[in-house]
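Structural description and commentary
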Amino acid sequence: MHPDSPLMTMTRSFLGEGILSLSMPGPSRDSTYYISDGNSVFLVENTLFKVHRSTLMKDKSAFETMFQLSSETDSSRSDSSVTLSTEGDADENPIRLQGDTADEFRALLWSLYALPHELLTALTPEADYTQLFNLARITNKYQFRSLESWALSCLYTYFSRPSAFDTVLTSTPPPPCGPSTSHPIALPPNFSSSSSSSSPPPPPSLVQITELSALCERFDLLDLALLRWRHLIGEGNPKDIALAIDVGERFNLRHMLGLAYHAMMLKGKPFWDTAVLSSSSSTEGATTALLTRERRIRLLCGYHSLCKLWETLPLNPPPLAHSARCTSQARCTKAFGAMWKGALENWTEGPMPLGVVFFQREDVLGRLMWTEGMMTAIVRGEIPLQGVLEGVQACKENVLAVMSIRFKEIKENLADHFSDDF
């Protein structure tokens with residue numbers, strides 16, 4: 001018989017499927033939550049759980065609706081002459097939960113069956129934040145609203161501690177079968193190592209914590225994650241900056257996105273090619289570029305837009321609200337315009353009386369921060385420069401206020417400059 005004949009092809013296929021099924025172990029019962037007097041069996045990944053339906057129906061969760069529909073179906077079946085086993089009645093016919101991990105379902109059951117002193121541990125520095133993360137994800141999916149809120153509050157308490165993010169990886173490391181690399185990569189949120197390795201799954205990464213905070217609209221936890229992102233952006237690692245761009249675009253985190261694009265722009269094109277992640281593929285040297293063609297275009301658009309902004313900014317001072325002690329508003333406004341122009345043009349282009357500071361032409365953020373710091377020091381009398389405040393003495397505090405408001409507006413809208421909309 002020819003080796004490529006249809007019969008031989010089918011035979012090889014059946015043999016391959018048979019060998020694969022023999023090599024895959026059957027489901028195992030969970031050591032904690034396969035409860036002998038439970039009345040519903042669940043299969044999550046390759047683990048069987050046996051629990052009480054009434055427990056899962058708490059908090060008006062999606063399981064309540066699921067079991068009600070199941071009861072109605074069972075009722076209609078009882079009226080017919082056909083006898084079928086009910087889903088979830090036995091290990092051989094479990095309720096299968098798709099898209100969840102065994103660790104997530106185990107975390108849910110922990111929260112429903114735990115004793116009070118065990119729950120209190122979640123509010124201490126000894127809390128298992130991986131367990132809380134898994135709990136927040138699965139309670140969001142199945143609409144355990146009060147449990148979700150509690151888990152997110154515990155995560156906020158945990159990460160509010162100083163240096164709590166120091167041990168959190170930016171992204172999830174590759175699976176053991178992947179190529180060896182010192183740079184972590186992000187995995188799908190439902191990744192579990194139980195299917196490929198006996199090692200425990202990695203703890204949640206900063207990327208995953210940010211995703212969870214945005215998905216659950218938990219803005220206090222999101223602010224903590226964004227604070228960590230800003231720190232990483234400031235450290236200047238191109239891969240971290242590129243990941244910040246990716247996360248910022250996916251969840252419309254405009255402030256972080258602007259900072260990340262600005263930082264990557266200042267790195268320059270030679271660094272853009274280094275913003276890659278090792279692929280989870282087994283192919284050696286396989287990488288995934290974080291800066292797509294569209295993002296490179298936005299970086300170039302941002303460079304052009306910010307350079308144009310700096311050309312026009314010195315000529316357009318913000319309106320100055322005058323003090324009641326101001327005797328000549330026209331003279332004060334003119335003096336402020338000259339001060340604004342001089343501060344932005346002269347102080348950021350070259351030597352200052354206290355030293356020399358140079359900025360890249362497109363580094364609008366650096367120039368603004370320097371100018372604001374210098375003006376604050378001059379108004380407070382920390383830097384004695386003659387003639388700078390002449391004409392605005394009565395309104396010098398207002399000068400600081402309007403400069404701060406204008407600079408803050410530019411910083412908050414920084415992401416708008418990195419747009420490919422012409």
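Small disclaimer: the values here were computed from a predicted structure and weren't measured.

**A word on the overall build of the chain**
Scanning the chain for helices and strands turns up 16 helices and eight strands. For the chain, with 422 residues in total, the buried portion stands at 45%. Of the contacts made within the chain by residues no fewer than 6 positions apart, 63% connect residues no fewer than 24 positions apart.

**Points about the confidence of the model for the chain**
This prediction gives the chain a mean pLDDT of 82; 77% of its residues lie at or above 70. Note on residues 279-286: pLDDT is under 50 here. Beyond four places in sequence and across chains, it has 16 contacts. Predicted confidence is poor over residues 348-356, with pLDDT under 50, and the contacts of this stretch with residues over four places away or in other chains come to 19 contacts.

**Let's talk about helix α7 (residues 145-159)**
In this model α7 runs 21 Å from its N-terminal to its C-terminal C-alpha over 15 residues, within 8% of the 21 Å that 1.5 Å per residue would give. Those residues of α7 lying buried are Leu147, Glu148, Ala151, Leu152, Cys154, Leu155, Tyr158 and Phe159. Taken down its axis, α7 places every buried residue within 155° of arc, on the same side.

**Some thoughts on the pattern of salt bridges**
For the structure on display, the rule yields 22 salt bridges. Two residues, arginine 228 and aspartate 166, come together in a salt bridge whose shortest N-O distance is 3.6 Å. Placement of arginine 228 in helix α9 (residues 219-235) and of aspartate 166 in the loop between α7 and α8 (206-215) is noted, with a sequence separation of 62 residues between them. Overall, the relative accessible area of 17% leaves arginine 228 in the buried class.

**As for the nonpolar core**
By size, the foremost hydrophobic cluster in this structure holds 105 residues, and its most contacted members are Phe42, Leu56, Phe63, Phe105, Leu108, Phe159 and Trp229. In this view, tryptophan 229 contacts Thr170, Leu206, Val207, Thr210, Asp240, Leu243, Ala244, Val247 and Met256; residues no more than four positions away in its chain are not counted.

**Things to note about the packing of aromatic side chains**
By the definition in use, this model includes 16 aromatic pairs. With a centroid separation of 5.9 Å and 85° between ring planes, the pair formed by phenylalanine 42 and phenylalanine 63 is classed as edge-to-face. Of this pair, phenylalanine 42 sits in strand β2 (residues 40-44) while phenylalanine 63 is found in helix α3 (residues 62-78), placing the two residues 21 residues apart along the sequence. Given a relative accessible area of 0%, phenylalanine 63 falls into the buried group.

**Regarding the pairing of β2**
Taking burial as the measure, the five residues of β2 include five buried ones, the bulk of the element. Direction of pairing for β2 relative to strand β3 (residues 47-51): antiparallel, over a ladder of five bridges. Its bridge partner lying in β3, valine 41 is registered against lysine 50. Both β2 and strand β4 (residues 95-96) contribute to a ladder of two bridges, which runs parallel. Looking at the pairing, phenylalanine 42 lines up with isoleucine 95 of β4.

**As for the environment of arginine 361**
Within the secondary structure, arginine 361 sits in the loop between β8 (355-356) and α15 (364-379). Relative accessible area serves as the criterion here: at 44%, arginine 361 is assigned to the partly exposed category. Remark: the alpha-carbon pair of arginine 361 and glutamate 311, spanning 50 residues in sequence, is separated by 9.9 Å. Excluding anything up to four places from it in sequence, arginine 361 contacts Tyr303, Cys307, Glu311 and Arg367. Here the side chain of arginine 361 touches glutamate 311 through a polar contact of 3.0 Å, side chain to side chain.

**Let's talk about the sheet that holds β3**
Taken together, four strands build an open sheet; the order of strands is β1-β3-β2-β4 and the sheet is mixed. Of all the strands in the sheet, the pair left with one neighbour each is β1 (28-34) and β4. Relative to the sheet, helix α4 (residues 102-113) contacts β1, β2 and β3, its axis offset from that of β3 by approximately 20°.

**So, unusual backbone geometry**
The residue glutamate 45 is not glycine, and still its phi comes out positive at about 55°. Here glutamate 45 shows up in the loop between β2 and β3.

**Focus on the packing of α9 against helix α11 (residues 254-267)**
The geometry of α9 relative to α11 is characterised by a closest axis approach of 10 Å and an angle of 10° between their N-to-C directions. Judged on the interaxial angle alone, α11 and α9 are roughly parallel. Here α9 contributes Leu226, Trp229, Arg230 and Ile233 to the contact with α11, which in turn contributes His255, Met256, Leu259, Ala260 and Ala263. Split by residue class, the contact of α9 with α11 holds seven nonpolar, one polar and one charged.

**Remarks on the side chain of arginine 295**
For arginine 295, the location among the structural elements is in helix α13 (residues 293-312). Of note is the side chain of arginine 295, whose polar atom sits 2.9 Å from the side chain of aspartate 246. What arginine 295 contacts, discounting residues up to four positions off in sequence, is Ile245, Asp246, Glu249, Tyr261 and Leu290.

**As for the pairing of β3**
Summarising burial for β3: five of the five residues are buried, a large majority. Going residue by residue along β3, you find Thr47, Phe49 and Val51 tucked away on one face and Leu48 and Lys50 tucked away on the opposite face as well. In this structure, β1 lies alongside β3, joined through three bridges in parallel fashion. Looking at β3, one finds that tyrosine 34 is bridged to lysine 50.

**Focus: helix α14 (residues 329-345)**
Here α14 contains 17 residues, and its C-alpha end-to-end distance of 24 Å stays within 8% of the 24 Å for a straight helix at 1.5 Å per residue. All of the buried residues along α14 are Cys332, Ala335, Phe336, Gly337, Met339, Trp340, Gly342, Ala343 and Leu344. Packed against the buried residues of α14 are α13, α15 and α16 (396-412).

Reading the values: the criteria
Residues numbered from 1 in each chain as written. Predicted model: local features only at pLDDT ≥ 70, side-chain atom pairs only at ≥ 80, totals over all residues. Heavy atoms only, no water. Helix = DSSP H or I, 4+ residues; strand = E, 2+ residues; numbered from the N terminus. Buried < 20%, exposed > 50% of the residue type's maximum accessible area, 1.4 Å probe, protein only. Contact = heavy atoms within 4.5 Å. pLDDT = per-residue confidence, 0-100. Expected span 1.5 Å × (residues − 1). Arc of directions from axis to C-beta. Salt bridge = Lys/Arg side-chain N within 4 Å of Asp/Glu carboxyl O. Core = buried A, V, L, I, M, F, W, Y, C linked by side-chain atoms within 4.5 Å. Phe/Tyr/Trp six-rings, centres within 6.5 Å; stacked < 30°, edge-to-face > 60°. Pairing = 2+ DSSP bridges. Polar contact = N/O pair within 3.5 Å; in protein donor to acceptor, adjacent residues only side chain to side chain. Axes fitted to C-alpha atoms, helices over the stretch in contact; angles between N-to-C directions. Parallel < 35°, antiparallel > 145°, perpendicular 65-115°, else oblique. Nonpolar A, V, L, I, M, F, W, Y, C, P; charged D, E, K, R; others polar.

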